[in-house]
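# Breakdown of the fold
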Amino acid sequence: MKKNLFPMIESGGPPVNGGDNVFQTSCLVQEKFSLASHRRLIPKDGLLLFLLLLGLIQGAFATVYTSTQPGNWSSSATWGGNTPPGSSIGANDVVNIRHAVVYNLGSDLEIYGLLDIRSGSFTVPLGNNRSVFIKSGGEFFMCNAFFSLPIFQGNSNLSGNFSNENGTVTIISSTFEVAQNWEDKSSSGGGTRTVTNSCLRVGENFSNKGANDTYEGMCMEYGLHGSGNVTIQWV
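Residue numbers run consecutively from 1 along every chain, following the written order of its sequence. Two thresholds apply to this predicted model, a pLDDT of at least 70 for residue-level local features and 80 or more for giving and counting side-chain atom pairs, whereas whole-chain, interface and lining totals are computed over all residues. Values reported for side chains reflect all heavy atoms of the structure, with hydrogen atoms and water molecules removed beforehand.

## Details of the pairing of strand β16 (residues 168-172)
In terms of strand pairing, strand β11 (residues 139-143) meets β16 through five bridges, oriented parallel. For C143, the partnering residue across the bridge sits in β16 and is I172. Here a strand pair is declared whenever DSSP counts at least two bridges between the two strands. Note on conventions: DSSP H or I runs of at least 4 residues are helices, E runs of at least 2 residues are strands, and numbering of each starts at the N terminus. Direction of pairing for β16 relative to strand β19 (residues 192-196): parallel, over a ladder of five bridges. In the sheet register, I172 faces β19, and the bridge partner there is T196.

Right under this line is the structure:
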């Protein structure tokens, strides 16, 4: 049994099998730091020193991983021969997925930094039953992309949750599926989830404890495992 939260727009949404997305859009680059906005605070003769210090600070505290080809998360070849990211994305770290990447680690993924998926995909092998947690201060962004914590393996239900815990979730023009629960465990007003022109497929439950949710042009199926509930705690 499946339940459609927004049946009027489901037929116009992107396919749920990872095919061509009818909501293709331009993914605008979101700058986490804009030098231009701070330039007026920097003396002209100190700009070079500022840039050098900024580079040293970022190099010391942040790691950026960017996929260069399709492959497994754990393979250095997927990341241009560099050390692959682990099962926890650090608070200052960024993981950019631009290809079909398979998360094949033996642990759930925790995001304290940024996971950015654009024109690529994040999938988990059948039967691995992984969950993804967006921790406080963490960010999950996807655009023109496909995300899958598989719902079924043959006739068997699989497990795995996508849980926001005071983080920021943004999904644009994408297809997203989660084996069990699309859940929020944020404190009141402590997190955000924004879904635009996208389709969600949820094996069981849809819940919001405290995040600020915004849904526009979205289609959603829930209860694909046979039952499911929508639980919203108004903030």
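Picking up after the structure, the text goes on.
## Let's talk about the side chain of S131
Within the secondary structure, S131 sits in the loop between β9 (121-123) and β10 (132-134). Assessed through its relative accessible area of 9%, S131 is described here as buried. Of note is the side chain of S131, whose polar atom sits 2.9 Å from the backbone nitrogen of N161. Among all residues touching S131, those that are not within four sequence positions of it are D108, L109, L149, G160 and N161. Remark: exposure states derive from per-residue accessible area (1.4 Å probe, protein chains only) relative to the maximum for the residue type, with buried under 20%, exposed over 50%, and partly exposed in between. Polar contact is defined as a pair of N or O atoms within 3.5 Å, subject to the rule that within protein one atom must be able to donate a hydrogen and the other to accept it, and that residues adjacent in sequence are counted only when both atoms are side-chain atoms. Any two residues whose heavy atoms approach within 4.5 Å at even a single point are treated as in contact.

## Let's talk about the pattern of salt bridges
Should their charged atoms come close, side chains of opposite charge can pair. Throughout this description, the term salt bridge denotes a Lys or Arg side-chain nitrogen within 4 Å of a carboxyl oxygen of Asp or Glu. According to the stated counting rule, one finds seven salt bridges in the structure shown. The residue K135 makes a salt bridge to E165 at a minimum N-O spacing of 2.9 Å. Of this pair, K135 sits in the loop between β10 and β11 while E165 sits in the loop between β15 (162-164) and β16; the two residues are 30 residues apart in sequence, bridging distant segments of the chain. You'll find K135 and E165 in the same group, each marked buried.

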